[in-house]
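Each chain, letter by letter, is given below.
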Amino acid sequence: SQKIEQNSEALNIQEGKTATLTCNYTNYSPAYLQWYRQDPGRGPVFLLLIRENEKEKRKERLKVTFDTTLKQSLFHITASQPADSATYLCALRFMDSNYQLIWGAGTKLIIKP
Amino acid sequence: SAVISQKPSRDICQRGTSLTIQCQVDSQVTMMFWYRQQPGQSLTLIATANQGSEATYESGFVIDKFPISRPNLTFSTLTVSNMSPEDSSIYLCSVGLAGVQSSYNEQFFGPGTRLTVL
């Protein structure tokens, strides 16, 4: 079965620096990959989607890369702010699934002023 | 996009009882999903609920334990039956919609129901 790995340790970043989060997967390549943000006591909120034939996607201070050879996606937040502190989840949809997303456990990001 | 509300937001229940969680969406959607999320864990899909058909349950989840209703295109309920402390978790309702960025489905989530079973 597919396995999604995100760093379980919290990532501490100084305000203004770039935060980089990693999502690794095993086995088959996904049709697309999504990143979500989750704040305590809230449901996840969609941020970005990148398809298997795309290398990079940007949205404001966010950038996602997708390397199907390494089976890895990187999620970058540039000029990080304390308000960016949250847990970030990656989710993948595979070709053989029926709208089902496979979720990583998330990485907690802490931006220190 | 979609705005999703859930009730209750949290509850503390006794072992052996049942709790029904309600999910309301502000627009008509075909597919609704129910997830469970335990602290520090990934989201686990319980079932997919399509209006007009029986819910489809994932491995490890059965209808007798988690009955789901989907009476119309904007509403669904999930019941957690005969609860035990192992059922303590956050339960999330979600819908999949074509997003602004692409025709691929983005998932929109409710705020979740935090359930504690004593």
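Refer to the structure printed above.
Throughout what follows, the structure given in this document is the object of discussion.

1. Observations concerning the interface of chain A and chain B
- Each partner contributes residues to the interface: chain A has 22 residues there, and chain B has 20 residues.
- Overall, the association of chain A and chain B removes approximately 1700 Å² of surface from exposure, summing both partners, and the carbon and sulfur fraction of that is 55%.
- Here chain A is connected to chain B by zero salt bridges.
- There are three residue pairs in polar contact (both at pLDDT 80 or more) connecting chain A and chain B.
- For the side of chain A that touches chain B, the secondary structure elements donating two or more residues are β4 (30-38), β5 (45-51) and β6 (56-59) of chain A.
- Per element, the largest residue contribution to the side of chain A that touches chain B is five residues, and it comes from β5 of chain A.

2. Thoughts on unusual backbone geometry
- Here the amide bond leading from Lys7 of chain B into Pro8 of chain B is cis, since omega sits at -5°, within 30 degrees of zero.
- We note that Lys71 of chain A has phi near 55°; this positive angle belongs to a residue other than glycine.
- For Lys71 of chain A, the position within the fold is in the loop between β7 (62-67) and β8 (72-77).
- Classification of Lys71 of chain A by relative accessible area gives partly exposed; the value is 26%.
- Even without being glycine, Ala79 of chain A reaches a positive phi, approximately 45°.
- When you line up the elements, Ala79 of chain A lands in the loop between β8 and β9 (86-94).
- Residue class for Ala79 of chain A comes out partly exposed when judged on its relative accessible area of 40%.

3. Examining the state of the cysteines
- Following the criterion strictly, the structure yields two disulfides over all chains and no others.
- The disulfide that involves Cys23 of chain A links it to Cys90 of chain A, with 2.0 Å between the sulfurs. Disulfide Cys23 of chain A to Cys90 of chain A: torsion about the S-S bond roughly 65°, handedness right-handed. Here Cys23 of chain A, found in strand β3 (residues 19-25), pairs with Cys90 of chain A, found in strand β9; they are 67 residues apart in sequence, far enough to count as distant. Judged on exposure class, the residue Cys23 of chain A and its partner Cys90 of chain A are both buried.
- Paired through a disulfide, Cys23 of chain B and Cys93 of chain B show a sulfur-sulfur distance of 1.9 Å. Disulfide Cys23 of chain B-Cys93 of chain B: torsion about the S-S bond near -65°, hence left-handed. Placement of the pair is Cys23 of chain B in strand β3 (residues 19-25) and Cys93 of chain B in strand β9 (residues 89-98), with a sequence separation of 70 residues.
- According to the relative accessible area criterion, Cys23 of chain B is buried, its value standing at 0%.
- For the unlinked cysteine Cys13 of chain B, the closest cysteine sulfur is that of Cys23 of chain B, found at 18 Å.

What counts as what
Residues numbered from 1 in each chain as written. Chains lettered and ligands numbered in written order. Predicted model: local features only at pLDDT ≥ 70, side-chain atom pairs only at ≥ 80, totals over all residues. Heavy atoms only, no water. Contact = heavy atoms within 4.5 Å. Buried area = accessible area lost by both parts, 1.4 Å probe. Salt bridge = Lys/Arg side-chain N within 4 Å of Asp/Glu carboxyl O. Polar contact = N/O pair within 3.5 Å; in protein donor to acceptor, adjacent residues only side chain to side chain. Helix = DSSP H or I, 4+ residues; strand = E, 2+ residues; numbered from the N terminus. Buried < 20%, exposed > 50% of the residue type's maximum accessible area, 1.4 Å probe, protein only. Disulfide = S-S within 2.5 Å.

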